[in-house]
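Descriptive structure summary
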Amino acid sequence: MRNRVGVGLRVACAIGVLASAACDPVNADVVSSLPPSNVRNGPLHRPGQPCLACHDGVIGDPSAFSVAGTIFTTPSETVGVNGASVWMTDSNGTTHQAKTNAAGNFYVSPSQWTPVYPIVAVKVTSIGDASAVMRSEIGRDGACGSCHTDPPGADSPGHIAMTADDGGALP
Amino acid sequence: MKLCFAIPFAALLGCSAPPSNGVFTEANAPDLAGYPYVAEYTVHRCGTLDCHGSPYRNLRVYGDEGLRYSRADRPCVPQQTTGAEVVQDYLSVVGLEPETMSAVIADHGASPERLTLIAKPLGIEEHKGGAIFKAGDVGYLCMTSWLQGATDTAACLAAMPTPICALPAQATVDGGAP
């Protein structure tokens, strides 16, 4: 009888620990502030949003990503670029290439590449030789949408774009 | 019932009265005049929008490459860190651990790793951004010389790459693309 109580207590403690690990109120606020999606969950959903808010590897959440984001055509349009290559190099010099899908989304799982921060170089190339480079480093957050929010402002450069609105090079 | 009034009253007295032994923290602050070079370094190495370029961080860094102090500005627009941003960065750094900072400055910058500001980028303390510099390298010298009262501007300049906001968005710097 005493053994059963002991096992029960251990199970209850384990559940409590797991539940508390999954309850990050800051992240919960981020998730609850996301606009609704009109596309069912999958590779094409929620373009431009901070992917790792949900894809964070916490038990019960969707599969983890190490880096993920969305490439749009221009600064003023939210049309995803299909088939763009995203080249990333971390501070150890390891490089990974990801491809965008029809929504402009790309995502990298930890088993594919787990960068050592900072990610020191990012370049995006697309069909027609258009290319864009990220000028700053990525210090700690693999979700592009955490910083690249709309509208652009004092705390955001706006969403990621391949070209300027006139189709020319970005300033 | 009397306790209901007595305890809060005693607590109020305790909050408002100075220490009975007359001991106060003597505030020694590092030099603001020597900080602009250090600010440029911290803006680049610490101030990306996903790190300390955030108003929600204890160490908050404003600058041209990340978070802007003026709501009218944007990252890289204008292409230089403004004077107001340097002052805000200075206040953030100095106000992070005022008592420890005061002690380090009183000791002319000796044992700067007492400061979280130095311990984290050295990798002595847990830091999500990892180790940023090593003891003796140019980044370390830039920051610790400022704490010693004579900013090593050459070290600060050597620690900074080409200002990234001056780089074109279509540049030769790449992530490994052929």
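This report concerns the structure included in the present document. Counting restarts for each chain, with residues numbered from 1 along the sequence as it is written. Key to labels: chains lettered from A, ligands numbered from 1, both in the order written. Given that this is a predicted model, residues contribute local features only at a pLDDT of at least 70 and side-chain atom pairs are listed and counted only at 80 or more, while totals for whole chains, interfaces and linings are drawn from all residues. Computation of side-chain values covers all heavy atoms of the structure but excludes hydrogens and water.

**Concerning the packing of helix 2 (residues 35-46) of chain B against helix 6 (residues 138-148) of chain B**
All names here are of chain B. Here the axes come from fitting lines to C-alpha atoms, over the contacting stretch only for helices, and the angles between their N-to-C directions go from 0 to 180 degrees. Only DSSP runs of H or I with at least four residues qualify as helices, and only runs of E with at least two residues qualify as strands; both kinds are numbered from the N terminus onward. Interaxial distance between helix 2 and helix 6 falls to 10 Å at its minimum, and their mutual angle equals 145°. As for the relative orientation of helix 2 and helix 6, their crossing is left-handed in sense. For the pair helix 2 and helix 6, the contacting residues are Tyr35, Tyr37, Val38, Tyr41 and Thr42 in the first and Gly139, Cys142, Met143 and Trp146 in the second. Residue composition of the contact of helix 2 with helix 6, grouped by class: seven nonpolar, two polar and no charged. The crossing is said to be left-handed when, going from far helix to near helix, the turn is anticlockwise and less than a right angle, and right-handed when the turn is clockwise. We call two residues contacting when some pair of their heavy atoms lies within 4.5 Å. Think of it as three bins: nonpolar holds Ala, Val, Leu, Ile, Met, Phe, Trp, Tyr, Cys and Pro, charged holds Asp, Glu, Lys and Arg, and polar takes everything else, Gly as well.

**Looking at helix 6 of chain B**
Residue and element names in this part refer to chain B. Exposure is judged per residue with a 1.4 Å probe applied to protein chains only, and the accessible area is read against the type maximum: over 50% gives exposed, under 20% gives buried, and values in between give partly exposed. Taking burial as the measure, the eleven residues of helix 6 include eight buried ones, the bulk of the element. At its buried positions, helix 6 is contacted by helix 2, helix 3 (83-94), helix 4 (98-106), helix 5 (116-122) and helix 7 (153-159). Of the residues one or two after helix 6, glycine 149 is the one with positive phi, at around 100°.

**A word on the sheet that holds strand 6 (residues 131-134) of chain A**
All names here are of chain A. The four strands lie next to each other as 3-2-5-6, forming an open sheet whose pairing is antiparallel. Each edge of the open sheet is held by one strand with a lone partner, namely strand 3 (95-99) and strand 6. Between one strand axis and the next, the sheet turns through 15° on average, direction left out of account. Of the strand pairs in this sheet, strand 2 (residues 85-90) and strand 5 (residues 119-125) are connected by six bridges, and their pairing is antiparallel. Across the sheet, threonine 89 pairs through a bridge with alanine 121, a residue of strand 5. Pairing between two strands requires that DSSP report at least two bridges joining them.

**Focus on the pattern of salt bridges**
In what follows, salt bridge is the name for a side-chain nitrogen of Lys or Arg lying within 4 Å of a carboxyl oxygen of Asp or Glu. Across all of its chains, the model carries three salt bridges over all chains by this definition. Here Arg45(B) makes a salt bridge to Glu137(A), at a shortest N to O gap of 3.0 Å. With Arg45(B) in helix 2 and Glu137(A) in the loop between strand 6 and helix 3 (144-147), this pair bridges two chains. Glu137(A) sits in the buried class, given a relative accessible area of 17%. A salt bridge links Arg114(B) to Asp107(B); its shortest N-O distance comes to 3.0 Å. According to the relative accessible area criterion, Asp107(B) is partly exposed, its value standing at 39%.

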